[in-house]
Amino acid sequence: MQDKNNYRPISVLPIFSKIMERLIHDRLYGYLDQCQVLSSSQSGFRKSHSTTTCLSDFLNAVYNNIEEGRLSGVAFLDLKKAFDTVDHRILLSKLSDLNISYRSIRWFDSYLSERTQVTKVGKCESDSGSLSCGVPQGSIMGPLLFITYINSLPEALDGFMTFLYADDTAILTTANNIDQISSNLDNALHLSADWMKSIKLSLNVAKTKCMLIGTSQRLNNAVIPDVKCNGSTIERVDSFKYLGVYLDKNLKFNVHADYVRRKIFSKMKALAKTRQFVSQSMSLQLYRSLVLPHLDYGDILYDTMSAQDSNKLQVIQNKCLRICLKEDPRASVDRLHDVAKLPTLKDHRIMHSVKFVYEGLNNKSSVKVNEMFSFVNETHDVNTRASTDKMAAMPHATLQISKGNIRFRGAGYFNELPAVARTAPTTNSFKNRVKKHFSRPIT
């Protein structure tokens, strides 16, 4: 809290400015999307994209490597004050390269230039300072301009797989031996640093991490060479929090399960303190607002955790529901969920997984996710029950760990749904039919 480098300026914009920004943003994004200018590796601030689509794409690549007997090496890049160091001249040049009109370029030049900022602490206010670089943080246009600014990074890393959510970047490489992976990561980091330097961004080597991912058999007792960038050794980790989910070297997600439990414990205490002052319905609403988002986030990815970790999370949910409902500790778990009208966490994860698959099958998600899934009738011409009932094609997976991929696991969940759900015409109708399928009558 005392380190001033942890703070960023936020632009306080008048309402009329935000209206104008929204209009320009929608026009620019519509143009970039229609012309398919934005890299498919970029998931940040784009329609039908999210951190979950980015993570699922990343993990799909890793699971495929494991299935094919290869190891995966990944570098998680950290950029120094990325949004604050965008060079205006370079940004305008990149917009011009996208065939944006001269008049529009002049508007963006006016939008970015002659901005000032002050710092206020209590009643103390600093002198006004000019902003010669950076996109306005807290603005509507800022994020779109930034992803346009770094749009060519995947091209600079040709030969490597890149996964971006705004400036959060992961570079993935694969090989059959550890020495080759280490050499590949050295090369990828060198290319990244040079590319960033060319557009006046800076790689924070101290916060950049690397990790080797594979089966326990391949990683045990392995001697892993150091990975370096510009002469500095990159820290190697066994787990890393990427886009809010802790990824570990064996994809067991036990680290993330523990992280979620710790986050919920403090929320559970808040529920207990407020329960005596609010109604049951309000208490359940607090649970849905304070606790459930931590359990929901990324749950389709860490659904592969062990039964022990899954049970630990379920026990926490049961305790929260007992607090909200003022139920006896001996009350049955089924009754807790029936009264609260909430599914178990396992059912909740399955419901989220099948929705994810449904959107991919029906081209309602990101391009990468849409490409993960296909209907049975799209893989062969034989008219079978599976093809007429809109069943998902099951990808090939021989290793047990590979079956944890949402591409395999999600398709399996989807095919277990009744046909009336799988053939739903819209996402909302699909969600309603799935919810009805998992609902149970109160006993």
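Throughout, residues of each chain are indexed from 1 in the direction in which the sequence is written. Reporting in this predicted model follows two pLDDT cut-offs: at least 70 for local features of residues, and 80 or more for side-chain atom pairs to be given and counted; totals over whole chains, interfaces and linings ignore these cut-offs and use all residues. As a rule here, side-chain values come from all non-hydrogen atoms in the structure, and water together with hydrogens is ignored.

Looking at the pairing of strand β7 (residues 168-175)
When a residue's accessible area, from a 1.4 Å probe over protein chains only, is under 20% of the maximum for its type it is buried; when over 50% it is exposed; and in between it is partly exposed. Runs of E in the DSSP output that reach at least two residues are strands. Runs of H or I that reach at least four are helices, and both are numbered from the N terminus. For β7, the tally of buried residues reaches six of eight residues, placing the bulk of the element in the interior. Strand pairing is assigned whenever DSSP identifies at least 2 bridges connecting the two strands. Direction of pairing for strand β1 (residues 71-77) relative to β7: antiparallel, over a ladder of seven bridges. Note that in β7 the partner of Ala-75 across the bridge is Ile-171. Note: strand β6 (residues 161-165) against β7, five bridges, orientation antiparallel. Considered in β7, the bridge of Tyr-165 is made with Asp-168. Between β6 and β7, which follow one another and run antiparallel, lie two residues, and Ala-166 among them has a positive phi close to 60°.

Notes on the sheet that holds strand β9 (residues 227-229)
Consider a sheet: its strands pair through backbone hydrogen bonds, and that pairing is either parallel or antiparallel. The strand order across the open sheet formed by six strands is β6-β7-β1-β8-β10-β9, and the pairing between neighbours is mixed. Two strands lie at the open edges of the sheet, namely β6 and β9, each paired on one side alone. Across the sheet, the axes of successive neighbouring strands diverge by a mean angle of 30°, strand direction being ignored. Residues are treated as being in contact if the distance between any of their heavy atoms lies within 4.5 Å. Axis definition: a line fitted to C-alpha atoms, limited for helices to the stretch in contact. Angles are taken between N-to-C directions and run from 0 to 180 degrees. Seen against the sheet, helix α2 (residues 51-67) touches β1, β6, β7 and β8 (209-213) and runs at an angle of roughly 160° to β6. Sitting on the sheet, helix α7 (residues 178-198) touches β1, β7, β8, β9 and β10 (232-236), and the angle it makes with β1 is about 25°.

Section: the environment of Asn-187
Counting through the fold element by element, Asn-187 comes out in helix α7. With twelve residues separating them along the chain, Asn-187 and Ala-175 place their C-alpha atoms 14 Å apart.

Some points on a nonpolar patch on the surface
Patches here are clusters of residues that have more than 30% relative accessible area and form no salt bridge, with a 9 Å joining cutoff for like charges and a 5 Å cutoff for nonpolar side chains (Val, Leu, Ile, Met, Phe, Trp, Tyr). All accessible areas in this document rest on Shrake-Rupley with a 1.4 Å probe, and a residue is counted as covered only by the protein chains that are shown. Salt bridge, as used here: a side-chain nitrogen of Lys or Arg that lies within 4 Å of a carboxyl oxygen of Asp or Glu. A cluster of nonpolar side chains, namely Ile-15, Phe-16, Ile-19 and Leu-23, defines an oily patch on the protein surface of about 470 Å² accessible area. Its place among the elements puts Leu-23 in helix α1 (residues 15-34). For Leu-23, a relative accessible area of 52% puts it in the exposed group.

A few points about the pairing of strand β11 (residues 239-242)
Alternating residues of β11 divide into Phe-240 and Tyr-242, all buried, and Ser-239 and Lys-241, none buried. Bridge count between β11 and strand β12 (residues 245-248): four bridges; the pairing is antiparallel. Pairing of Ser-239 across the sheet is with Asp-248, part of β12. Counting the residues that bridge the hairpin from β11 to β12 gives two residues, and of these Leu-243 lies at a positive phi of roughly 55°.

Section: the packing of aromatic side chains
Each pair of aromatic rings taken from Phe, Tyr and Trp, with Trp reduced to its six-membered ring, is defined by centres within 6.5 Å and is described as stacked if the planes are under 30 degrees apart, edge-to-face if over 60, and tilted in the remaining cases. Enumeration over the complete set of coordinates arrives at 13 aromatic pairs. Ring geometry for Phe-76 and Tyr-242: centres 5.3 Å apart, planes at 45°, overall tilted. Of the two residues, Phe-76 is situated in strand β1 and Tyr-242 in strand β11; the sequence distance between them amounts to 166 residues. Look at Phe-76 and you get buried, because its relative accessible area is 2%.

A closer look at helix α14 (residues 345-361)
Expected helix span is given by 1.5 Å per residue-to-residue step, counting one fewer step than there are residues. The first and last C-alpha atoms of α14 sit 24 Å apart over 17 residues, in line with the 24 Å expected at 1.5 Å per residue. Phi turns positive, to about 55°, at Asn-363, one or two residues after α14.

Some points on the packing of α1 against helix α4 (residues 102-112)
Helix-helix packing is characterised by the crossing angle of the two axes and by the distance between the axes. α4 packs onto α1 with a crossing angle of 135° between their chain directions and a minimal axis gap of 13 Å. For the element pair α1 / α4, the angle class is oblique. The way α1 lies across α4 gives a crossing that is left-handed. Within the contact between the two elements, α1 uses Met-20, Glu-21, Ile-24 and Leu-28 and α4 uses Trp-107, Phe-108 and Tyr-111. Asp, Glu, Lys and Arg are counted as charged, while Ala, Val, Leu, Ile, Met, Phe, Trp, Tyr, Cys and Pro are counted as nonpolar; the rest, among them Gly, fall into the polar class. Partitioned by chemical class, the residues of the contact of α1 with α4 number six nonpolar, no polar and one charged. Put simply, angles under 35 degrees are roughly parallel, angles over 145 are roughly antiparallel, angles from 65 to 115 are roughly perpendicular, and the rest are oblique. By convention, the crossing between two helices is left-handed when the near helix turns anticlockwise from the far helix through less than a right angle, and right-handed when the turn is clockwise.

Regarding the pattern of salt bridges
If charged atoms from side chains of opposite charge come close, those side chains can pair. Per the counting criterion, the structure on display carries 13 salt bridges. A salt bridge links Arg-89 to Asp-109, with the nearest nitrogen and oxygen atoms 2.8 Å apart. With a gap of 20 residues between them, Arg-89 in helix α3 (residues 88-97) and Asp-109 in helix α4 connect regions that are remote in the sequence. Since its relative accessible area comes to 26%, Asp-109 is described here as partly exposed. Across the pair Asp-303 and Arg-409 runs a salt bridge whose closest N-O atoms are separated by 3.3 Å. On the criterion of sequence distance, the pair formed by Asp-303 in the loop between α11 (292-296) and α12 (307-325) and Arg-409 in helix α17 (residues 406-415) is long-range, its members being 106 residues apart. Here Asp-303 and Arg-409 have matching classes, each one buried. One salt-bridge network, held together by shared partners, links Asp-303, Lys-346, Arg-349 and Arg-409.

Focus: the side chain of Lys-209
Within the secondary structure, Lys-209 is located in strand β8. When its relative accessible area of 15% is taken as the criterion, Lys-209 is described as buried. In the analysis that follows, any N or O atom pair within 3.5 Å is treated as a polar contact, provided that within protein one partner can donate a hydrogen and the other can accept it, and provided that, for residues neighboring in sequence, both atoms belong to side chains. A polar side-chain atom of Lys-209 sits 2.4 Å from a polar atom in the side chain of Glu-235. Ignoring any residue separated from it by four or fewer positions in sequence, one finds Lys-209 in contact with Val-74, Ala-75, Phe-76, Ile-234, Glu-235, Val-237 and Phe-240.

Examining the packing of α4 against helix α5 (residues 141-149)
Where α4 meets α5, the axes come as close as 13 Å, and the angle between the chain directions of the two elements is 115°. Between α4 and α5 lies a crossing whose hand is left-handed. Contacts from Phe-108, Tyr-111 and Leu-112 of α4 reach α5 at Met-141, Gly-142 and Leu-145. Its residues placed into classes, the contact of α4 with α5 shows five nonpolar, one polar and no charged.

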